[in-house]
Amino acid sequence: MDIGKALPASKEGESQMIVMMGNNLYLTSITLNGEPSIEQIDKLTCLDEQAKISQVFDCEGLLLCILKEDSRFVVLNPYLGQTRWIEPRYSHRPSGWDRFSYALGYMNKESCRGYKLLRFIDYFYNVPEKQFFWYEIYDFDSDLWTTLDVTPHWRIAFCNPSVSLKGNTYFCAAERNVDVEEVLANSLICFDFTSERFGPLLPLPCSGGYHDYTTLSCVREEKLALLLQHDESNLYELDLWITTKLETEEVLWSKFLRVATAGFDSYVPFLGGSFFIDEEKKVAIGFDDGNNRHIINIIGEAGYLRALDLVGDFGDQECKTDLCSYVPSLVEIKQPEVRERKQESGLEKLRYDENMSRLVLLEANQ
């Protein structure tokens with residue numbers, strides 16, 4: 001379905017979101033005025049019915065989809081019903097588990113945007129000889145993959161997904177030499193798709209331990225929000241912050257919400273995977289991080305909690321669930337030109353061959 005042809009006019013207090021459930025994507029509306037309610041609008045059918053989606057990343061209305069049983073990726077604009085399939089140079093899925101991290105972003109050109117896809121694999125161990133990392137970028141214009149020349153001083157945990165904001169992408173991270181058992185994430189790092197470089201580590205307003213959960217979200221394409229969900233220390237507390245200043249060398253945070261979930265009588269709510277916030281209503285919205293995979297929690301101040309049951313056919317509810325706030329985009333997805341594909345440089349071929357040799361050795365020793 002091209003949702004641009006079927007998207008109803010938004011009502012006051014209503015937001016659109018994309019829900020991933022049962023390895024499919026659904027356009028869903030959530031209303032926060034009065035008693036909150038949720039409604040499935042339609043299943044997105046821009047993709048082949050056989051495509052099973054395992055991860056989804058939003059970049060201002062364009063969705064990067066990682067597939068469960070296909071090594072290719074697909075970027076789609078559900079509002080216009082456009083897709084672009086991308087072939088990776090190689091796949092690395094030990095025991096069927098995709099170990100790459102992904103991000104979609106763009107650089108601004110004179111008359112359009114130049115979209116790029118970042119993906120990387122980074123095994124960090126205390127023993128330097130065992131470390132392996134490979135960062136590469138795909139350019140939509142050239143239809144080529146390029147290995148990035150980086151030596152990371154950072155550590156981005158595989159469980160920390162990327163968030164796109166104004167063309168760049170952000171991750172929760174930590175210094176590479178810090179013990180992962182002590183600190184999983186205490187910094188913010190930005191990847192600039194124009195320079196194709198990572199920026200400095202900037203401080204988070206908190207430090208997430210190995211058993212804590214930290215994740216980012218985008219707020220109205222203007223700010224970042226950070227969720228810290230405690231596990232061992234301060235059990236059953238959620239803390240949320242939003243940025244008040246976000247620049248290359250500086251970030252400032254303001255506390256948005258603290259929720260002491262131990263105060264709830266019969267139900268302890270958590271937020272699993274991605275989330276988004278409503279600044280006006282001062283609530284956070286996300287899937288329940290427990291056995292109730294079809295429940296979306298709305299958590300706010302003074303013990304406010306609404307658990308909304310997703311009604312409808314969402315396929316296999318045992319599969320991973322996720323969601324993101326959705327604003328339709330009129331950006332058209334550029335398709336590869338029908339011509340002979342450019343050849344990679346000799347240096348790029350050398351880098352690729354060296355990394356592939358190391359990756360094969362790594363897989364053999366796992």
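About the criteria used
- Residues numbered from 1 in each chain as written.
- Predicted model: local features only at pLDDT ≥ 70, side-chain atom pairs only at ≥ 80, totals over all residues.
- Heavy atoms only, no water.
- Phe/Tyr/Trp six-rings, centres within 6.5 Å; stacked < 30°, edge-to-face > 60°.
- Helix = DSSP H or I, 4+ residues; strand = E, 2+ residues; numbered from the N terminus.
- Buried < 20%, exposed > 50% of the residue type's maximum accessible area, 1.4 Å probe, protein only.
- Lys NZ or Arg CZ within 6 Å of the ring centre and 35° of its normal.
- Salt bridge = Lys/Arg side-chain N within 4 Å of Asp/Glu carboxyl O.
- Expected span 1.5 Å × (residues − 1).
- Arc of directions from axis to C-beta.
- Contact = heavy atoms within 4.5 Å.
- Polar contact = N/O pair within 3.5 Å; in protein donor to acceptor, adjacent residues only side chain to side chain.

The chain appears in an unreviewed UniProt entry as F-box associated domain type 1 from Arabidopsis suecica.

## Some words on the packing of aromatic side chains
Tallied over the full model, the rule gives 20 aromatic pairs. Their ring planes at 70° and their centres at 5.6 Å tell us that phenylalanine 120 and phenylalanine 171 sit as a pair that is edge-to-face. Of this pair, phenylalanine 120 sits in strand β9 (residues 113-123) while phenylalanine 171 sits in strand β14 (residues 168-175); the two residues are 51 residues apart in sequence, bridging distant segments of the chain. Neither phenylalanine 120 nor phenylalanine 171 differs from the other in exposure class; each is buried. Members of the aromatic cluster, connected to one another through ring pairs, are Phe57, Phe73, Tyr90, Phe100, Tyr102, Tyr106, Tyr115, Trp134, Tyr138, Phe140, Trp145 and Tyr352. Positioned above the aromatic ring of tryptophan 85 is the side chain of arginine 72, whose terminal nitrogen or guanidinium carbon lies 4.1 Å from the ring centre.

## Some remarks on the pattern of salt bridges
A side chain with one charge can pair with a side chain of the opposite charge if their charged atoms come near. Applying the stated criterion across every chain, the model contains 21 salt bridges. In this structure, aspartate 143 and arginine 84 form a salt bridge, with 3.8 Å as the shortest nitrogen-oxygen distance. With aspartate 143 in the loop between β10 (132-139) and β11 (144-147) and arginine 84 in strand β7 (residues 82-86), this pair connects stretches of sequence that are 59 residues apart. In this structure, aspartate 143 and arginine 84 share a single accessibility class: buried. Taking the shortest distance from any N to any O, the salt bridge between arginine 220 and glutamate 222 comes out at 2.9 Å. A relative accessible area of 43% places glutamate 222 in the partly exposed class.

## Comments concerning helix α2 (residues 346-364)
If you check α2, its first and last C-alpha atoms are 27 Å apart, about what 19 residues at 1.5 Å a residue would give, namely 27 Å. Turning to α2, its buried residues are Glu348, Tyr352, Asn355, Leu359 and Leu362. Summarising the axial view, the buried residues of α2 lie within an arc of 90°, below the 170-degree limit, and thus occupy one face. Those residues of α2 that are exposed and aimed more than 90 degrees away from the buried face are Gly346, Leu361 and Ala364.

## Description of the environment of glutamate 136
With respect to the helices, strands and loops of the structure, glutamate 136 is situated in strand β10. The spacing of glutamate 136 and arginine 119 is 17 residues in sequence and 5.7 Å in space, taken between C-alpha atoms. For glutamate 136, the residues in contact, after removing those within four places along its chain, are Arg89, Tyr90, Leu117, Leu118, Arg119, Trp145, Thr146, Thr147 and Leu148. A polar contact is formed between the side chain of glutamate 136 and the side chain of arginine 119, at a distance of 2.7 Å.

## Details of the side chain of serine 187
Mapped onto the elements of the fold, serine 187 is located in strand β15 (residues 185-192). By relative accessible area, which is 8% here, serine 187 ends up buried. Within the structure, serine 187 has its side chain in polar contact with the side chain of asparagine 186 (distance 3.0 Å). Setting aside chain neighbours within four positions, we find serine 187 in contact with Phe171, Cys172, Ala173, Leu201, Leu202 and Leu204.

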